[in-house]
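Understanding the architecture of this molecule
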Amino acid sequence: MSTPHNWTTYTAFLRTSRASESDLKYFALHPWLAPLLSPGSPYRSVPFFSRLEKGENNTLDRFFNRVINTNDTIPHAIALVPGDEWLALRRKELFASSTSSPSSSQQNVTGEEKEQATTEQETTQKAEYDFILLTSLAPSLSGFTDTAHGGLLSALFDEAMGCCTAAFRNDDDAVQELFTVNLNVTYRRPVPLPGVYAIRVRVEKTEGRKWWLKGELVGGDGVVRTSAESLWVAARKGGL
Ligand SMILES: CCCCCCCCCCCC(=O)SCCNC(=O)CCNC(=O)[C@H](O)C(C)(C)COP(=O)(O)OP(=O)(O)OC[C@H]1O[C@@H](n2cnc3c(N)ncnc32)[C@H](O)[C@@H]1OP(=O)(O)O
């Protein structure tokens with residue numbers, strides 16, 4: 001078991017963490033991932049937060065950090081996140097017309113700001129997805145023979161989407177914790193085991209406390225094998 005983390009916020013974790021050398025070496029063996037992992041990539045490689053041990057008395061994320069954190073389930077997983085500048089632009093875009101804005105300074109983007117943002121986008125590395133989970137899936141995750149269990153794939157989408165939303169919440173907790181209220185998964189093609197896959201997700205829009213996300217799972221052949229759409233609701237201020 002690894003040492004419990006000591007980050008105070010998810011944003012601090014994203015800013016100060018780097019994926020482990022062993023995970024990076026493992027994923028670098030797969031040429032189709034090179035554009036995502038190379039120095040010119042618009043993404044930074046960080047640990048997959050849900051996999052980190054949270055402490056003996058803290059049951060947060062146990063399913064991900066213990067049950068499916070083994071050599072015969074998920075031996076390797078890392079997250080790819082866009083750079084800070086791009087995330088800041090995405091925040092502006094997502095909360096421009098929403099009442100769930102993470103901070104007042106990000107509300108109502110003016111025409112001037114939009115113009116400035118467009119110029120910034122030209123110099124800032126554009127990331128198509130807000131969060132990408134790279135994961136190896138080992139044989140013990142099977143439902144049908146040598147095929148990933150559909151429930152497991154749903155859990156992976158849910159978790160990746162949760163991490164994606166977390167990156168848009170501010171350190172001051174202006175947006176309350178978000179919960180999945182609906183997750184619609186479409187199983188298009190089987191997901192063979194063992195295998196290495198990317199789950200790429202994006203926030204489509206926000207409206208008040210509601211956030212809509214979309215995601216897709218692909219392997220080295222680029223075929224979208226599974227896709228998902230979800231609705232997340234931020235808890236009311238002052239708790240559930
Ligand atoms: C830290 C870093 C790492 C973070 C990494 C974290 C990763 C975690 C990933 C795991 C995530 C999970 O699995 S979470 C576990 C599964 N989910 C849950 O347990 C959530 C259970 N549900 C709830 O507790 C509740 O529904 C709440 C608290 C989410 C919302 O309740 P509420 O506050 O009373 O809100 P409510 O009025 O009902 O709904 C608000 C608005 O959403 C709409 N709405 C609500 N549900 C639905 C629905 N299923 N489909 C359509 N619309 C819906 C309502 O119509 C309303 O719209 P309008 O009238 O306003 O227009």
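Residues numbered from 1 in each chain as written. Predicted model: local features only at pLDDT ≥ 70, side-chain atom pairs only at ≥ 80, totals over all residues. Heavy atoms only, no water.

What counts here: UniProt positions are given in the numbering used here, feature names are shortened, and annotations may be inferred rather than shown by experiment.
The name an unreviewed UniProt entry assigns to the chain is Acyl-coenzyme A thioesterase THEM4, from the organism Sporormia fimetaria CBS 119925. UniProt, in its Sequence similarities (unreviewed entry) section for the chain, records the words "Belongs to the THEM4/THEM5 thioesterase family."

Examining the pairing of strand E2 (residues 77–82)
Residues in a regular strand point their side chains to alternate faces of the sheet. Threshold: Think of it in three bands: with a 1.4 Å probe and only protein chains considered, a residue is buried below 20% of the maximum accessible area for its type, exposed above 50%, and partly exposed in between. We count a stretch as a helix when DSSP gives it H or I for four or more residues in a row; a strand needs E for two or more, and each element gets its number in order from the N terminus. A pair of strands counts as paired when DSSP detects no fewer than two bridges linking them.
Judged by how many residues are buried, E2 sits mostly within the fold: six of six residues are covered. Residues Ala 77, Ala 79 and Val 81 line one face of E2 and the alternating positions Ile 78, Leu 80 and Pro 82 line the opposite face, and both faces are buried. Across five bridges, strand E1 (residues 43–47) lies against E2 in antiparallel orientation. Within E2, the residue paired with Arg 44 across the bridge is Val 81. Relative to strand E3 (residues 131–137), E2 is paired through four bridges, and the arrangement is antiparallel. Residue pairing across strands places Ile 78 opposite Leu 134, the latter belonging to E3.

Looking at unusual backbone geometry
A cis amide bond, omega -10°, links Leu 193 with the succeeding residue Pro 194. You can see Pro 194 is positioned in the loop between strand E4 (178–187) and strand E5 (195–207). In this structure, Asp 61 is a non-glycine residue whose phi angle is positive, near 65°. Relative to the helices and strands, Asp 61 resides in the loop between E1 and helix H4 (62–67).

Considering the nonpolar core
Quick reminder of the rule: Here, nonpolar core refers to any group of buried Ala, Val, Leu, Ile, Met, Phe, Trp, Tyr and Cys residues whose side-chain atoms link them within 4.5 Å. In this analysis, two residues are considered to be in contact whenever any of their non-hydrogen atoms come within 4.5 Å of each other.
The biggest cluster of nonpolar side chains holds 48 residues, and the ones touching the most others in it are Tyr 10, Phe 131, Leu 137, Leu 156 and Trp 211. Looking at this core element by element, the count peaks at ten residues for helix H7 (residues 150–166). Excluding residues that lie within four positions of it along the chain, Tyr 10 makes contacts with Phe 49, Phe 131, Cys 163, Ala 166 and Ala 167.

So, the environment of Ala 148
Along the chain, the position of Ala 148 falls in the loop between E3 and H7. Taking the relative accessible area as the measure of exposure, Ala 148 reaches 9% and is therefore buried. When the C-alpha atoms of Ala 148 and Leu 193 are compared, they prove to be 6.2 Å apart, with 45 residues separating the residues in sequence. Contact partners of Ala 148, with chain neighbours within four places excluded, come to Leu 137, Leu 141, Gly 143, Leu 153, Val 191 and Leu 193.

Some points on the side chain of Ser 227
What counts here: Identification of polar contacts relies on pairs of N or O atoms within 3.5 Å, with a donor-acceptor requirement for protein atoms, meaning one able to donate a hydrogen and the other able to accept it, and with residues adjacent in sequence counted only if both atoms are side-chain atoms.
For Ser 227, the location among the structural elements is in strand E7 (residues 224–234). Residue classification places Ser 227 among the buried residues on the basis of a relative accessible area of 11%. A distance of 2.9 Å separates the side chain of Ser 227 from the side chain of Arg 188, its partner in a polar contact. Aside from chain neighbours lying at most four places away, what touches Ser 227 is Phe 157, Asn 184, Val 185, Thr 186, Arg 188, Gly 215 and Glu 216.

Side note on the site of the ligand
Defined as follows: Whether a residue is near a molecule or strand depends on its heavy atoms: if one lies within 4 Å, it is near. Accessible surface area values rest on a Shrake-Rupley calculation with a 1.4 Å probe, where residue burial reflects the displayed protein chains alone. For this classification, the nonpolar set comprises Ala, Val, Leu, Ile, Met, Phe, Trp, Tyr, Cys and Pro, the charged set comprises Asp, Glu, Lys and Arg, and every other residue, Gly included, is treated as polar.
Around the ligand sit 17 residues, and of these Asp 158, Thr 180, Val 181, Arg 209 and Lys 210 come closest. Contacts to the ligand include Asp 158, whose side-chain N or O atom sits 2.7 Å from an oxygen atom. Between the ligand and Val 181, the relevant distance is 3.0 Å, taken from a nitrogen atom to a main-chain nitrogen or oxygen of the residue. Here the ligand, which alone exposes 1300 Å², has 52% of that area covered by the protein. Broken down by secondary-structure element, the contributors of at least two residues to the shell around the ligand are H7, E4 and E7. For the shell around the ligand, the element with the most residues is H7, which contributes five residues. Of the residues assigned to the shell around the ligand, the class counts are ten nonpolar, two polar and five charged.

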